Every structure is written in C-alpha cells, then in structure tokens.
Amino acid sequence: MGARILVVDDSTLVTDAFEILFRAAGYDVTTAGTVAEAVGHGRASSIDIMLLDLSLPDGDGLEVLEMLEANGRLPRATLAMTGHDDPKIRQRCLDAGCADVLLKPLPIGEILRHIERHLA
Amino acid sequence: MTTMSHKVDHADTAQRLKSLELQAKEAQTTIEELNARDALKTQFLSNISHDLRTPLAAIITHAEVLRDGMLGDLNEKQRESVTGIVSGGQQLLDMIDEILTYVRGAGDQLTLTRTEFSMIELVDQVRMLNQALAAKKKLTIERLNGDDLPPVYADRDKLKHVLGNLIGNAIKFTPEGGRIWIRMSRYAQDADQLVVEVGDTGRGIAAENHELVFQEFAQVDASPSRPHHGTGLGLAIARKLVELHEGTIWVESELGKGSRFFFRIPLNPARG
Ligand SMILES: Nc1ncnc2c1ncn2[C@@H]1O[C@H](COP(=O)(O)OP(=O)(O)O)[C@@H](O)[C@H]1O
Ligand SMILES: [Mg+2]
C-alpha cells in the first residue's frame, strides 16, 4: 500500500482537490478541516506526510504538531502550506518542527516532488 | 469712533477664530473618517484577495490533475482546453497576488530582508521565467551587460518582483517581433549606486503620462475594450519596492518609440 498522507485545510475545495491528486498518484489519503480532526486522525493511525494549512477554524495549524508530538505520534514529515511568502512565518513553521514550508498554490508536479523527496 | 471700531474688531476676531476652530475640527473629523474608510477598504481588499485565492487554487489543482492525464488519457483537444483553464487560472491568481502585495505595501506591512546576491543572476532568472511568454509574441529578451558588476546587498525577492513587473509590462506592451533588453551600470554621479534599465521597442508612453503610470490603478488606456488587461498596480508596487530600498524608479519614453524603465538603488547600503 502507498504511503499515508494527511491533508489539513479548512477549505473542502482544497482538501477535495488534493485528495483526488494524491489518490491518483497512488497514495493513501485522509483529510481534516480542523485542528481537532487532524489530531484525531494523527492519533488513530500513523501518518507519513502531513500537509498542514496554518489557519484553521479552531486554532493555529502548528498546534496539530504540538499535540501529536505530545502523543508521540508525529508524522514522518510535515509540510506547512501558507499563502504568504513571509520569512517570519517560514521560520515559525521550521521552529515548530515542519520539514518544509510550501507557498500555496504550488503546481502539482512540484507538490508531488516534495512529497517523494520526504518519503525517500 | 476709534474705540468703537476697536471693539468691533475684537468681536470680529473672536468670531473668526471660533469659526476657524470649528472648520479645523470639521476637517479633522473628515480626515479621521477618510482614514477609517481607507483602512476598511484595505481590509476588504486583503480579505477578498485571500478568499478568491482559495477556490481558484483548487480549480487550478483539479485542472492540472486532468491535464497531466492522472485520471486517464485525454485527447489533444481536451488537453488544450484544460491547459487553457490552468493558464487562465494562473493569470487570475497573479492579478490577485498583485492586489495582495499592493495592499500589504499600502498598509506598510512590507519590510526588507537583505542578502548579498548577484543582480545578473537574478536578471537571468527573471528572463528565463518570462521566456515562454516572450516567445509566444516572437520577442527577444536580452541582457546586454553586467558581468563585471559586484554583488548587491538588497531584498532579492522584492527586486525579483520589480524586474518581473517591468519585463512583464515590456512583453505586454511590445508588439510581435520586438526587442526587450536589460542593461546595468553604476550610476554616473555616484558609483555606489546601481542603475538597471529595462527597455523595449513597444508602443511607448507619452510624456504627459510618465508620472501617471506609477500611480496605483493608473493605466494609459483604461477603457474596458483595451487590448491589455491588468490591475494597474504593477508599477505602483514596483515604485514602492524600489523606494523601500531607498531608490528611485522612472521612465524615459515617447509615444511609438519604445520605453526604457530605470531603477536605481544603493549597491551596498550600510549594514545594520
Ligand atoms: N513597457 C511599457 N510600454 C508601454 N506602456 C507601458 C509599459 N509599462 C507600463 N505601461 C503603461 O503603464 C500602465 C500601468 O502599468 P502597470 O502599473 O504595470 O499596470 P498594468 O500592467 O496592470 O496595466 C499600463 O497600463 C500601460 O499603459
Ligand atoms: Mg503591469
């Protein structure tokens, strides 16, 4: 079975699009729209890659990382997704333990390349 | 008689003072109202840009998945059509991003992150990024010189944005078969400053519009039927970004005789 990807974004338009993309690329995909949902999925099964939007309705996306870490269930790699090309935001994500920070939106070829690289 | 007129003068002055005070107060209220409305407008632009971006990004992702045949093979016409969705979406996204950048600039939320880098490498990178667009109109983009220039200490991303805007405009406003060039030199009056020129053989800009084009939302041809579309923010943003570098930006052009846009920035400002 393919690696497991958790997509966290408050817009179902975004999670739906990624779900179709990653399924088509042969991955196992789960989606979440809130911090609570994401933490729930992360606790229930081990995640290889988490794509994490920073602004979620019930809190800051980086809280997901914090809570999963407290439970010893960190994904192998977390890629933060942000719309702002801001060095401060970038640093905050890296400090919180993200493996990389991707600027939304990214061409699908590049997203897939990032994921492969972090799975390797 | 004299005392009388004095008295009248006093009363008059007091009255005039009072009315001036009133006017000043009214003006102050108007300024406050305008500022509040301006802040509201800025907030609105920022929110709407962000909210437009999300569904648009999803549309583009869906279209890319289809285009790349990830959900099954497409015939040539289908692929062309879906490719059109992707590029249309991307163009829209670029415009939204331009509005967002402008809003952040207007709100003084832009700060410089300086690093040392080679301007010629940056120019060549932006040239490469625009190659496909230029090729479509049979335009050439050349860098004429610059190999002997020292590195600059500046915000690479922001200058990339400036160059991107200038070259983007040159492509947009130059008819098929034209030429676009980039030339760099030290400023004649002050060798510590770098001058970058982006020139084209396009339609040019009349002298009376040289100031106007740098103003926000300003377009020489603003009619809805105009052949080129855009937000009219590109040069206003470019000016903002250049001025953040303590530089200046200007244009030399005549209608029908091409345009040369210049910006000048300190090569290596005191590091602090
Ligand atoms: N290279 C150029 N040649 C001719 N006209 C130009 C050029 N660059 C800019 N302009 C004029 O300046 C206007 C403002 O440019 P800009 O701020 O980039 O907005 P936009 O490209 O969205 O129209 C353009 O609409 C055009 O009329
Ligand atoms: Mg423009």
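To be clear, the structure that these remarks concern was listed above.
Please read these numbers as outputs of a predicted model, since none were measured by experiment. Residue positions within a chain follow its written sequence, with the count starting from 1. To label them, take the chains in the order written and letter them from A, then take the ligands in the order written and number them from 1. In keeping with the predicted nature of the model, local features appear solely for residues at pLDDT of at least 70, side-chain atom pairs appear and are counted solely at 80 or more, and the whole-chain, interface and lining totals rest on all residues. Neither water nor hydrogens contribute to the side-chain values; these are computed over all heavy atoms in the structure.

### Digging into the sheet that holds strand β2 (residues 28–32) of chain A
Residue and element names in this part refer to chain A.
Then step 1. Strand order in the open sheet formed by 5 strands is β2-β1-β3-β6-β7, and the pairing between neighbours is parallel. Single-partner strands in this sheet number two, and they are β2 and β7 (100–103). Sheet twist, expressed as the mean angle between neighbouring strand axes with direction ignored, is 20 degrees.
Then step 2. Direction of pairing for strand β1 (residues 4–8) relative to β2: parallel, over a ladder of 5 bridges. Considered in β2, the bridge of Ile-5 is made with Val-29.
Then step 3. When checking whether two residues touch, look at their non-hydrogen atoms; a contact exists if any pair is within 4.5 Å. The axes are straight lines fitted to the C-alpha atoms, using for helices just the contacting stretch, and the angles between their N-to-C directions are given from 0 to 180°. In this text, helices come from DSSP runs of H or I with a minimum length of four residues, and strands from runs of E with a minimum of two, each type numbered from the N-terminal end. On top of the sheet, helix α3 (residues 62–70) reaches β3 (49–53) and β6 (77–82); it is set at about 140 degrees to β3, its chief contact.
Then step 4. Where helix α4 (residues 87–95) meets the sheet, it contacts β6 and β7, and its direction lies at approximately 145 degrees from that of β7. Pairing between two strands is assigned when DSSP locates at least 2 bridges connecting them.

### With respect to the environment of B:Ala57
Then step 1. Mapped onto the secondary structure, B:Ala57 falls in helix α1 (residues 2–67).
Then step 2. Separated by 35 residues in the primary sequence, B:Ala57 and B:Leu92 have C-alpha atoms spaced 10 Å apart.

### Observations concerning the site of ligand 1
Residues and elements named next belong to chain B.
Then step 1. The near set for a molecule or strand comprises every residue that places at least one heavy atom within 4 Å of it. Close contacts around ligand 1 come from 20 residues, with Asn-169, Asp-200, Gln-219, Gly-232 and Leu-235 the closest.
Then step 2. Nitrogen and oxygen atoms within 3.5 Å of one another constitute a polar contact, given that in protein one can donate a hydrogen and the other can accept it, and given that sequence-neighbouring residues count only through two side-chain atoms. Within the side chain of Gln-219, a nitrogen or oxygen atom sits 2.7 Å from an oxygen atom of ligand 1.
Then step 3. In this structure, an oxygen atom belonging to ligand 1 sits 2.8 Å away from a main-chain N or O atom of Gly-232.
Then step 4. For ligand 1, whose unbound accessible area comes to 540 Å², protein coverage reaches 97%.
Then step 5. Of all the secondary structure elements, the ones that give two or more residues to the shell around ligand 1 are α4 (156–172), α5 (234–244) and β7 (259–266).
Then step 6. With 3 residues, α4 is the largest single contributor of residues to the shell around ligand 1.
Then step 7. In this count, Pro and Cys sit with the nonpolar residues alongside Ala, Val, Leu, Ile, Met, Phe, Trp and Tyr, while Asp, Glu, Lys and Arg are called charged and the others, Gly among them, polar. In terms of residue class, the shell around ligand 1 is built from 9 nonpolar, 8 polar and 3 charged. Areas reported here follow the Shrake-Rupley algorithm with a probe of radius 1.4 Å; residue values treat only the protein chains shown as occluding.

Structural measurements only, silent on function.
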